Amino acid sequence: MKNKVQRFGKFLSGMVMPNIGALIAFGFLAALFIDTGWIPNKGFSSMVGPMLTYLIPVLIASTGGRMIGGDRGRVVGAIAVIGAIMSNTDITMLMAAMVMGPLAGYCIKKFDKAMEGHMPAGFEMLINNFSAGLIGMILAMLGYVIIGPVMSAILVVLSAGVNGLVDRGLLPLVSVFIEPAKVLFLNNAINHGVFTPIATAQVTETGKSIMYMLEPNPGPGLGVLLAYMFFCRDKATKDSAPGAVIIHLLGGIHEIYFPYILMNPVVLIAPILGSFAGIFWFNMTGCGLVGPASPGSIIAYMMMTPGPDMIKVIVGVLISAGISFAVASPLVKMAGGKSLEEAQSEMAAMKAEAKGQTAVPGTIEKADAIKKIVFACDAGMGSSAMGATKFRNRLKANRPDITVINTSVDNIPGDCDIAVVQTTLADRAKKSAPQAQLITIGNFLADPALDALYVQLTTGDALVAPAGENTDIDIPDVPVKKQVIIADGIKLGRTPVTKEEAIQAAGELLQELGYVDGTYVSAMQEREKLVSTYIGMGVAIPHGTTQAKGTVKKTGIVFFQYPEGVDFGTEKAQLVFGIAGIGDEHLELLSKLCSLLEDPERLETLKTTDNVNWVLDQLS
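For clarity, every value in this text was computed on a predicted model and none was experimentally measured.

What counts, and at which threshold
Residues numbered from 1 in each chain as written. Predicted model: local features only at pLDDT ≥ 70, side-chain atom pairs only at ≥ 80, totals over all residues. Heavy atoms only, no water. Helix = DSSP H or I, 4+ residues; strand = E, 2+ residues; numbered from the N terminus. Buried < 20%, exposed > 50% of the residue type's maximum accessible area, 1.4 Å probe, protein only. Contact = heavy atoms within 4.5 Å. Areas by Shrake-Rupley, 256 points an atom, 1.4 Å probe, with all protein chains shown as cover. pLDDT = per-residue confidence, 0-100. Expected span 1.5 Å × (residues − 1). Arc of directions from axis to C-beta. Phe/Tyr/Trp six-rings, centres within 6.5 Å; stacked < 30°, edge-to-face > 60°. Core = buried A, V, L, I, M, F, W, Y, C linked by side-chain atoms within 4.5 Å. Polar contact = N/O pair within 3.5 Å; in protein donor to acceptor, adjacent residues only side chain to side chain. Axes fitted to C-alpha atoms, helices over the stretch in contact; angles between N-to-C directions. Parallel < 35°, antiparallel > 145°, perpendicular 65-115°, else oblique. Left-handed = near helix turned anticlockwise from the far one by under 90°. Nonpolar A, V, L, I, M, F, W, Y, C, P; charged D, E, K, R; others polar.

## Focus on the overall build of the protein
Then step 1. When you go through the protein residue by residue, the secondary structure sums to 23 helices and nine strands.
Then step 2. Counting across all 620 residues of the protein, residues that qualify as buried make up 54%.
Then step 3. Nonlocal contacts in the protein, meaning residues at least 24 apart in sequence, comprise 73% of its contacts between residues at least 6 apart.
Then step 4. With the model as given, the accessible surface of the protein reaches about 26,000 Å², and the carbon-plus-sulfur share is 63%.

Quick look at the structure:
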């Protein structure tokens, strides 16, 4: 049922999201140039009404028509909605556009299907043009006579209901529905499918609307993240929270805090109460935005705020964050020590177990053949954009041949090789891109599945188990207790050598410490000839070929520090990690290494320190 609701909500928001720019342009024009704007201008303000009455509904209807019926559906949708608009130009026909667009796309799609194989040769263009025109005309008449008046009546009822809640001070109660729905990734469906049409209609009457403020308010999520940043017992989760705060507050990607709630569902009480308090304040002080705050960052929130309401809106966001933080803090303190990654892995494991499978995050096949990776979230504008940008930057030094993009989960392109999605969207992603290899994650900041994916893509080899066993890479649910690096395996302050000499030294130390036999050293040299093991940022991880895994006696990693660098092609590696792995025992250390690469200060210290114990502590 949740998937069906998500798909329907995604369909509604899918008509609005591509046209958010038009809504924002309208919002800026209204905020700046109408009579009550910051710099009133009669000429510029004359554009506000036509944009709202005609342009935005036509854009939404044409988008809906294209989603169902392609380019012909787009044209017919734009024609059809004119009838609904002209039935009552005193209100904004956004809801009518959401009906007329898909209906037009459906009609033209059915017509085209009926004409398959029956189109007279030479008459294709004539029939296509006349069919689009006639179907569009009929639907426009239907919109004028039926759809427009019906939608006008519905909007009047909804607006009256909202106004009733506002007048009675009951609007804050919607927070009980908004926050749980957001955590289920229904945030875009609610905001753009329900609140935006109502809000846009209210703006025509009052110049602003509180409905624009309900879902994008960054305060409730900010309070939750701050509670984890100060009071979480698990260090990894606590350390990830500051980055999440920046992404949430300034980037407007609310999805970043959803996993923090899912790992301790009782914490959901905090954003509900925070949202309740914020809406109560906004309602009491008469606040409103002039356009949609998308994405829901504090920057977009303030840019859509009328000048006189600026201080009141800031206070409302702070109230939301403060209440959410105050409620979440003791709940986070009382929660067990389970980490964010463990909660995500456990959720994936339970889901896989129910299907008779083994949880195998981060597993791919034929890493060297991967050309396109798609990060997908519900709307394709928030968390997926952040995840794609981060992973693209991470890959570009080693695999510039790989394209990393983001999109909505229901619009993953057909040439996608790997689809990266949140666990809760996995089923939809499989339907959208059955040809793609699927990577499910819970957190775009520090997810072990992304670390495993990065390792495979940059090393060129799939880290496989013996024949006949599960060959997937699996990041363990709990930290690996087995020590795969020891003090004798750390060599600091080495003078520069050639790449081959550095690899030879790493291999010989692996052999000396009993991790491999003598043939593995030659396999490391052979591996380097196939694809460079330099992975960027001054780090190389030489290891043997897949065929040489049988010569590994036990998992071990050695570390050589070359402060002046070793030439690996056009790059210099100051850090050389020699790897010999059985199964997944070394992946915990590789995950730590990936984290080190994102901490410039610790990475630079690792390249120059002479303290073996410090290095061991960082990598253990």
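## Re the confidence of the model for the protein
Then step 1. Residues with a pLDDT of 70 or more make up 74% of the protein, whose mean pLDDT is 77.
Then step 2. Here residues 337-361 is modelled with pLDDT under 50, and outside its nearest four sequence neighbours on either side it reaches 51 contacts, counting other chains as well.

## Some remarks on helix H19 (residues 499-512)
Then step 1. Counted at 1.5 Å a residue, the expected span for H19 with its 14 residues is 20 Å, and the 20 Å between its end C-alpha atoms agrees.
Then step 2. Buried within H19 we find Ala502, Ile503, Ala506, Gly507, Leu509 and Leu510. Considered in projection along H19, the buried side chains sweep an arc of 160° and stay on one side of the axis.
Then step 3. Positive phi shows up at Gly514, right after H19, with a value of about 85°.

## Focus on the packing of aromatic side chains
Then step 1. One pass over the structure, following the stated rule, counts six aromatic pairs.
Then step 2. Measuring from centroid to centroid gives 4.8 Å for Phe559 and Phe577, while their planes differ by 25°, and the two rings are stacked. Placement of the pair is Phe559 in strand E8 (residues 556-568) and Phe577 in strand E9 (residues 571-580), with a sequence separation of 18 residues.
Then step 3. By relative accessible area, Phe559 is classed as buried at 0%.
Then step 4. Ring centres of Phe560 and Tyr562 lie 6.3 Å apart, and the angle between their planes is 15°; on these two criteria the pair is classed as stacked. In terms of burial, Phe560 and Tyr562 fall into one category: buried.

## Quick look at the nonpolar core
Then step 1. Counting residues in hydrophobic clusters, the biggest one holds 56 residues, and the most contacted among them are Ile56, Met213, Leu214 and Tyr301.
Then step 2. Secondary-structure elements contributing two or more residues to this core are helix H2 (20-33), helix H4 (48-87), helix H5 (94-115), helix H6 (124-167), helix H8 (187-206), helix H12 (269-285), helix H13 (298-303) and helix H14 (310-334).
Then step 3. The element contributing the most residues to this core is H4, with eleven residues.
Then step 4. Ignoring anything within four residues of it in the chain, the contact list for Ile56 reads Ala22, Leu23, Phe26, Met51 and Leu94.
Then step 5. Judged by nonpolar contacts, the second largest core, of 22 residues, contains Ala244, Val245, Tyr257 and Val332.

## Quick word on helix H9 (residues 219-231)
Then step 1. Here H9 spans 18 Å end to end across 13 residues, near enough to the 18 Å set by a 1.5 Å rise per residue.
Then step 2. Looking at H9, one finds that the buried residues are Gly219, Pro220, Gly221, Leu222, Gly223, Val224, Leu225, Ala227, Tyr228 and Met229.

## Thoughts on the environment of Thr458
Then step 1. Structurally, the position occupied by Thr458 is in helix H18 (residues 448-459).
Then step 2. By relative accessible area, which is 5% here, Thr458 ends up buried.
Then step 3. Engagement of the side chain of Thr458 in a polar contact is seen with the backbone oxygen of Tyr454, the distance being 2.7 Å.

## Notes on the packing of H12 against H14
Then step 1. Closest axis-to-axis distance for the H12/H14 pair is 7 Å, and the angle between their directions is 155°. With respect to their mutual orientation, H12 and H14 come out roughly antiparallel. Crossing of H12 against H14: the hand is right-handed. Here H12 contributes Ile269, Ala270, Pro271, Leu273, Gly274, Ala277, Gly278, Trp281, Phe282 and Thr285 to the contact with H14, which in turn contributes Lys312, Val313, Val315, Gly316, Val317, Ile319, Ser320, Ile323, Ser324, Val327 and Ala328.
Then step 2. Looking at side-chain class alone, the contact of H12 with H14 contains 14 nonpolar, six polar and one charged residues.

## What to know about the packing of H4 against H5
Then step 1. Contact geometry for H4 and H5: axes closest at 8 Å, N-to-C directions at 140°. The angle between H4 and H5 places the two elements in the oblique class.

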